[in-house]
Amino acid sequence: MNIGGMNLLSLFRRQRTAPVARERLQVLLAHERMAAGHSELLNVLREEILAVIAKHVTVDRDKVNIKLDRGPDVSILEIDVEMPAILPKVRAQGAGAAAA
Amino acid sequence: MAKVLVVTSGKGGVGKTTSTAALGAALAQAGENVVVVDFDVGLRNLDLVMGAERRVVYDMINVIQGDARLAQALIRDKRIDNLSLLPASQTRDKDALTDVGVASIIEQLRQKFDWIICDSPAGIEKGAMMAMRYADVAVVVTNPEVSSVRDSDRIIGMLDSKTLKAERDERIEKHLLLTRYDAGRAARGEMLKTEDVLEILSIPLLGIVPESVDVLNASNLGSPITLNNPTSAAAKAYFDAARRLRGEQLDVVVPIEKKGLMGRLFGRRVA
């Protein structure tokens, strides 16, 4: 059939797509807003943790790894700091990874 | 006191420049002293929509770099005395928009005008960030369509974190301007409803501008629609939006489909 005929047919099997759009957006944006919040929080944590460590030892910024794994019930913050091998003054603090 | 307003959206092609021109003209028509500022360095278009493209001599970057004074770059509208345009540069890149330079220009404009309306470029790069940086008020232009709503959500997040107001823990006033609204499609469930968009973005509604050939005609002629066709439905929406920006409390009218029987039968084909 020609285009006019197609239009006539589509009148009978028209589906409402707007509700689908709404659902998809709500799910997506809930996710994206959380992710945006994360990156902000992580940046703040990263800077503050670095500042605390820098008071006692010199660490390479690239050797500090901070990760936030968000689960449905609990989230895990993982802080991984690689320290220089010999720490003359701060031996009591210990080196290596810490988790909270 | 002067107000700095950014017209922004994230997504391109939703009607930022058209809305900047229309809101700027509508505020000027209400007696306010208005300047519209193009932040789209390299892809300026506000001059064209305002019908001032042949009058651009100096631009914002010339002022920032000290090659011209602000007064030399400002173009006064030929139709309304109290409406001016500060064009963007067409040849430079966005890095020429320095934070210090923009701050200084905004400060100077605050001394001269009641409203400084910043037309943001699309995207989230430097031009868009600079356009929103010093804003007191934001108009988020959104089409009732998934990608536009998503980008608007992202821009709202940035308004709340990257503007000077946000950094000072002050509240930036945000408004939603729904554009290219097609009442027929909304009624048929083919387009996101106003309530849906409002619920998702949760900022107050400034107005609903219907998709209309009048808007295109106004752009073709280089005249803001509130000047070119003040009785059109789109112009009415912008006039009302301008009144709300000035603090008036008005109910928002949702456009309805005004079509006869023949329009209903055959309108779909062209829509």
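The rules we used
Residues numbered from 1 in each chain as written. Chains lettered and ligands numbered in written order. Predicted model: local features only at pLDDT ≥ 70, side-chain atom pairs only at ≥ 80, totals over all residues. Heavy atoms only, no water. Helix = DSSP H or I, 4+ residues; strand = E, 2+ residues; numbered from the N terminus. Rg over C-alpha atoms; globule rule 2.2 N^0.38 Å. Buried < 20%, exposed > 50% of the residue type's maximum accessible area, 1.4 Å probe, protein only. Contact = heavy atoms within 4.5 Å. Areas by Shrake-Rupley, 256 points an atom, 1.4 Å probe, with all protein chains shown as cover. Lys, Arg positive; Asp, Glu negative; His and termini not counted. Charge placed at Lys NZ, Arg CZ, Asp CG, Glu CD. Salt bridge = Lys/Arg side-chain N within 4 Å of Asp/Glu carboxyl O. Nonpolar A, V, L, I, M, F, W, Y, C, P; charged D, E, K, R; others polar. Pairing = 2+ DSSP bridges. Axes fitted to C-alpha atoms, helices over the stretch in contact; angles between N-to-C directions. Core = buried A, V, L, I, M, F, W, Y, C linked by side-chain atoms within 4.5 Å.

A.B. asks: I'd like a description of the overall build of chain B, backed by residues and values.
C.D. replies: A tally of helices and strands in chain B yields 14 helices and 8 strands. For chain B, the C-alpha radius of gyration of 18 Å lies close to 18 Å, the compact-globule estimate for 271 residues. C-alpha extents for chain B along the principal axes are approximately 60 × 40 × 35 Å. For chain B, the proportion of its 271 residues judged to be buried stands at 55%. Contacts in chain B between residues far apart in sequence, at least 24 positions, make up 75% of those at least 6 positions apart. When the accessible area of chain B is evaluated, it comes to approximately 12,000 Å², of which 49% is carbon and sulfur surface. In chain B, 36 positive and 36 negative side-chain charges are present, and the distance between their average locations comes to 4 Å.

A.B. asks: So what's going on with the interface of chain A and chain B? Residues and values would help.
C.D. replies: Taken together, the contact between chain A and chain B spans 16 residues of the former and 15 residues of the latter. The interface formed by chain A and chain B contains 4 salt bridges. Within the residue set of the side of chain A that touches chain B, elements represented by two or more residues are α1 (3-12) and α2 (18-56) of chain A. Considering each element in turn, the side of chain A that touches chain B owes the most residues, 10 residues, to α2(A). In terms of residue class, the side of chain A that touches chain B is made up of 7 nonpolar, 4 polar and 5 charged.

A.B. asks: Lay out the sheet that holds strand β1 (residues 3-8) of chain B with the relevant residues and their values.
C.D. replies: Residues and elements named next belong to chain B. Across the sheet, which stays open at both edges, the 8 strands sit in the order β3-β4-β2-β5-β1-β6-β7-β8 with mixed pairing between neighbours. Each edge of the open sheet carries a strand with a single partner, namely β3 (75-76) and β8 (205-210). Strands in contact with helix α7 (residues 146-159) are β1, β6 (137-142) and β7 (173-181); relative to β6, the strand with the most contacts, it is inclined by about 165°. Taken strand by strand, helix α10 (residues 194-201) contacts β6, β7 and β8, and its axis lies near 150° from that of β7.

A.B. asks: Break down the pairing of strand β5 (residues 115-119) of chain B for me, citing the residues and quoting the values.
C.D. replies: Here is the key point about a regular strand: its side chains alternate between the two faces of the sheet. Residue and element names in this part refer to chain B. Burial runs high along β5: 5 of the 5 residues are buried. Bridge analysis of β1 against β5 gives 5 bridges, and the strand direction is parallel. What sits directly across from Val-7, in β5, is Asp-119. Here 5 bridges tie strand β2 (residues 34-38) to β5, and the two strands are oriented parallel to one another. Directly across from Val-34, in β5, lies its bridge partner Trp-115.

A.B. asks: Tell me about the environment of B:Ala234, and name the residues and values.
C.D. replies: Residue and element names in this part refer to chain B. Structurally, Ala-234 is set in helix α13 (residues 233-245). Residue classification places Ala-234 among the buried positions, given a relative accessible area of 0%. Along the chain, Ala-234 and Val-213 lie 21 residues apart, while their C-alpha atoms are 9.6 Å from each other. Residues within four places of Ala-234 in sequence aside, it is in contact with Val-209, Pro-210, Val-215 and Ile-225.

A.B. asks: Describe the nonpolar core, listing the residues and the values that go with them.
C.D. replies: All names here are of chain B. In terms of nonpolar packing, the biggest core is built from 54 residues, with Phe-39, Leu-86, Leu-97, Leu-109 and Ile-116 touching the most fellow members. Considering every element that reaches this core, the biggest residue donor is α7, with 5 residues. Apart from the residues within four sequence positions on either side, Leu-97 is in contact with Phe-39, Val-41, Met-60, Ile-61, Ile-64, Val-102, Lys-126, Gly-127 and Met-130. Membership of the second largest hydrophobic core comes to 38 residues, among which are Ala-25, Leu-46, Val-215 and Ala-241.

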